[in-house]
Amino acid sequence: MKKTVLGILAHVDAGKTTLTEAMLYVSGKIRSLGRVDHRNSFLDHDDQERERGITIFSKQAMLQWHELSITLLDTPGHVDFSAEMERTLQVLDYAVLVISGTDGVQAHTETLWNLLERYNIPVFLFVTKMDASNLSRAELMNDLRQNLSEGCTDMAASDAEECAAMLDEQVLDEYMETGSVKTGSISRLIAERRLFPCYFGSGLKLDGIKEFLSALETYTIEKPALDIFGAKVYKILHDNKGRRLTCMRITGGSLSVRDTIRYLPAHGQAVSEEKIAEIRTYSGLKYETSETADTGDICSVLGLSGTWPGQGLGTEPDSALPVLEPVLGYRMIFPKGTDLQSVLPRLRLLEEEDPTLHIVWKPALNEIQLQLMGIVQTEVLRSLIKDRFDLDVTFGPGRILYKETIASPVEGVGHYEPLRHYAEVHLLLEPGEPGSGLVFDTICSTDELDLNWQRLILTHLEEKEHRGVLTGSPITDMKITLTAGKAHLKHTEGGDFRQATYRAVRQGLMQADSILLEPYYRFRLEVPTEQIGRAISDIRLMGGEQDSPESLNGRSVITGIAPVSAMTGYSNDVAAYTGGRGRFSCYPDGYRPCSDAKKVIDDLQYDPEHDLDNPADSVFCAHGAGFNVKWDQVPLYMHLPVTFQKGAAKDGASAASARVSGAGSPASIDEKELEAIMEREFGPIRRKKYASPTVNGKTDTRLKYQPRKERLIVDGYNLIFAWDELKKIAAESLDSARERLIELMINFSGFSGKETVLVFDAYKVPGGTGEKYDSANLHVAYTRENESADLYIERLADEIGKDEKVRVVTSDSLIRLTALRAGVLRTSSKEFKEEVEDALEQMRSEPYMN
């Protein structure tokens, strides 16, 4: 039987829950048809969901339609709970986007559409409430094509096949030859997100539901099963007994009770090894237990204590950071006498379930703060805390979550040199594109600073939420490039570069022209035509921007953007001045320069020089003791020359390409001078002396020191699923992908001369004996049964890393961590792909290859 994972998404009140109920009823999964207004729907079983008539938590249901087994994931439609919805997208095969036939495409609908595009999820559209709509199918289809995609196609229309054929040249040829389009061709166009089939009906009246289920059976494609275990975590929850459940999709292989899972916990430095205690498959409130979950299954498991939403297990990589993020911060107010330190661990359980809460303990203020999407979420959270922990909590006024960026490039320098420590870091800070977040890179030469230290610096850049200097808000939309750095052979430790890196970022920000950013909403406002003037006036007073008003069913519709600070609570105003006839919806739409930055900065009264958690000053050493140097005096003391001069980058060129020699830098010294300082302060550096080897009393030149041999250890399956070419082959045949990778590695190792060990995980292969074979410079190794690739690579790196220059190639965080412990170099799968492509290109260009 074919199986698929289907997500249901919609703007709030579009009819999503009613449609879900209809699909469950028509398929025979439930015997009676529940209703939202009757508070008895199958999936909205939480008391708050039934009271408010909205979906708050994503939930799972299982149904079957003929030869199709569907795992249905119902997601929240209200914008305040959109982060919960976005986490679910990571595990879908297909999505059903529900459109209200009475309203058409709404504000949040476009957000959902953009997210589905970002996650590359094929979409079926169902236009419901057609029994109550004043709009025709033609008008609704025009709305869908205009606001979503030209690929939206009414599958009941007489020209549906012709419309599908126009989307693809191959399908067009097929249509021209036969006068029809094959089912497989339509399925392919849907899977490639080129065709978006549209269906019409009514969930309440059960109209069009059977036809829609049959279309899902006909046009969905089951993903091929992969042999190697992988899983994606999308949700953490706790059952009614307080037991922690990790909700995941099995993306490869299978998972069984008592299997051991190795993973890196959230905020953890050490790898965890835990056994699966129980596997559950939920459908509504009920669940069934099983011994095994196979590829494509959605399950909830007991036994994992440190997993987090978005985490990849096994061969599955971690997900990127979510697009939707909270824009409001709140202070939690507890009853008098509450021990906040004892409350905090309980609140952390809620943060596990919803990481966007960002619960923060402020000991100096003796308060707990968190971040939320909006006022409805505060009300739900208050009830949740009362039900779960019997605590009466209120919230202070919501405050806007600002961010900061910079207007032009600047170099930041951090130096950390207390007694017997040493590190110096130079960073180039450049403004990025709006919405780009933070991007980190290095152009530092490995002759200046070892690659291990460079990667450690990049790790420190990524691990911390760096604060701006205007309001202490997080920085964003910047590229930070490591341009230079210095370590000492004897006195540098990993923590030294952490301090130097943090201080370099801060010192650069202190010099920069900083810009305060505030969050914006994109809104849709529908009012009676006679009140359009009031609506436009309000938007202008808010400092917002609007598109030209449109008419819809005798009413006026305005769309546009406005600051969150001005638009918060505006829905109440709309209800008041329209007598309840107006409709207002909005959703976060990124950050833009703050319209009243001076007032905000003055009101917050942030002093960057007194922020002890984010120092901009550096620490230097003289006469055996460290001393503090103010941020603006650091250039007079730093040990490396400047790497960037303002105005050096022109004509749009990246400032990173405008590095200068630093001639005339006031404190530029070389390695010998640095060593002389160290010896003067700490005494002679004692090194072992090695005499040349002798044979019969004479120096044997054959035994003189030779450079250490370089060897690569490559995580085979990680490369297969990280490289698009190989991943595509693996979808059809894992054996073929493996052979193709071996072929590439033979060419690469033969041309580059780098001895390479290619490791394949045979952990779950019964009777695996650890097969090995060689081909020139390539050694292929399969692990034994019950021996994972990370353990094999860790042992091998530890054994040969003492005598050879070893580099481990993988993007697996566990293996990279073990490689770090073994003291060997690490290269990501993406970086290695570029290295292999360069080598193969050089090989093809050699005269003897032509």
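Structure first, text after, so check above.
Residues numbered from 1 in each chain as written. Predicted model: local features only at pLDDT ≥ 70, side-chain atom pairs only at ≥ 80, totals over all residues. Heavy atoms only, no water.

> Hey, could you run me through the sheet that holds strand β16 (residues 298-302) in this one?
Note on sheets: strands pair through backbone hydrogen bonds, and any given pair is parallel or antiparallel. Taken in spatial order, the six strands make up an open sheet running β14-β13-β16-β9-β8-β17, and their pairing is antiparallel. In this open sheet, the two strands that pair with only one neighbour each are β14 (286-290) and β17 (312-314). Within the sheet, the average angular offset between the axes of one strand and its neighbour, ignoring direction, is 40°. Where strand β13 (residues 278-283) meets β14, five bridges bridge the pair, whose relative direction is antiparallel. Considered in β14, the bridge of R280 is made with T289. (Pairing = 2+ DSSP bridges. Helix = DSSP H or I, 4+ residues; strand = E, 2+ residues; numbered from the N terminus. Axes fitted to C-alpha atoms, helices over the stretch in contact; angles between N-to-C directions.)

> Could you clarify how one ought to interpret the packing of aromatic side chains in this entry?
The geometry of two aromatic rings is summed up by the distance between their centres and the angle between their planes. Inspection of every chain in the model, using the stated rule, returns 15 aromatic pairs. Measuring from centroid to centroid gives 4.8 Å for W113 and F196, while their planes differ by 65°, and the two rings are edge-to-face. Of this pair, W113 sits in helix α4 (residues 107-118) while F196 sits in strand β7 (residues 196-200), placing them 83 residues apart in sequence. Judged by its relative accessible area of 6%, W113 is buried. Relative to Y287, the ring of Y282 has its centre 5.1 Å away and its plane inclined at 45°; by these criteria the two rings are tilted. Its relative accessible area of 37% is what places Y287 among the partly exposed residues. An aromatic cluster is present here, built from F126, Y199 and F212 joined pairwise through their rings. Between the NZ or CZ atom of R280 and the centre of the ring of Y287, over which it lies, the distance is 4.2 Å. (Phe/Tyr/Trp six-rings, centres within 6.5 Å; stacked < 30°, edge-to-face > 60°. Buried < 20%, exposed > 50% of the residue type's maximum accessible area, 1.4 Å probe, protein only. Lys NZ or Arg CZ within 6 Å of the ring centre and 35° of its normal.)

> So what exactly am I meant to see when it comes to the pairing of strand β20 (residues 367-372) here?
It is a general feature of regular strands that their side chains alternate between the two faces of the sheet. Here β20 lies mainly inside the structure; five of its six residues are buried. Sheet topology places strand β18 (residues 328-333) next to β20; four bridges connect them, and they run antiparallel. In the sheet register, Y330 faces β20, and the bridge partner there is L370. By the bridge criterion, three bridges tie strand β19 (residues 360-362) to β20 in an arrangement that is antiparallel. Within β20, the residue paired with V360 across the bridge is Q369. Linkage of β19 to β20, two consecutive antiparallel strands, is achieved through a turn of four residues, within which N366 is found at a positive phi near 55°.

> It is not clear to me how the packing of helix α21 (residues 734-752) against helix α24 (residues 829-845) should be interpreted in this structure. Could you clarify?
Axes are the key here: two packed helices are described by the angle between their axes and the distance separating the axes. Running from amino to carboxyl end, α21 crosses α24 at an angle of 70°, the nearest separation of the two axes being 10 Å. In terms of their interaxial angle, α21 and α24 are classed as roughly perpendicular. Considering the relative orientation of α21 and α24, their crossing is left-handed. On α24, the residues that touch L744, M745, N747, F748 and F751 of α21 are F832, E835, V836, A839, L840, Q842 and M843. Classifying every residue of the contact of α21 with α24 by side-chain character gives nine nonpolar, two polar and one charged. (Parallel < 35°, antiparallel > 145°, perpendicular 65-115°, else oblique. Left-handed = near helix turned anticlockwise from the far one by under 90°. Contact = heavy atoms within 4.5 Å. Nonpolar A, V, L, I, M, F, W, Y, C, P; charged D, E, K, R; others polar.)

> Explain the state of the cysteines to me, please; I cannot follow it from the model alone.
Each disulfide consists of a covalent bond between the sulfur atoms of two cysteine residues. Tallied over the full model, the rule gives zero disulfides. Cysteine C152 shares no disulfide, and the gap to the nearest cysteine sulfur, in C198, comes to 4.5 Å. (Disulfide = S-S within 2.5 Å.)

> Can you walk me through the environment of L189 in this structure?
For L189, the location among the structural elements is in helix α8 (residues 183-191). In this structure, the C-alpha to C-alpha distance between L189 and Y219, residues 30 residues apart in sequence, is 9.8 Å. When residues no more than four places from it in sequence are discounted, the contact partners of L189 are A164, D168, V171, R194 and L195.

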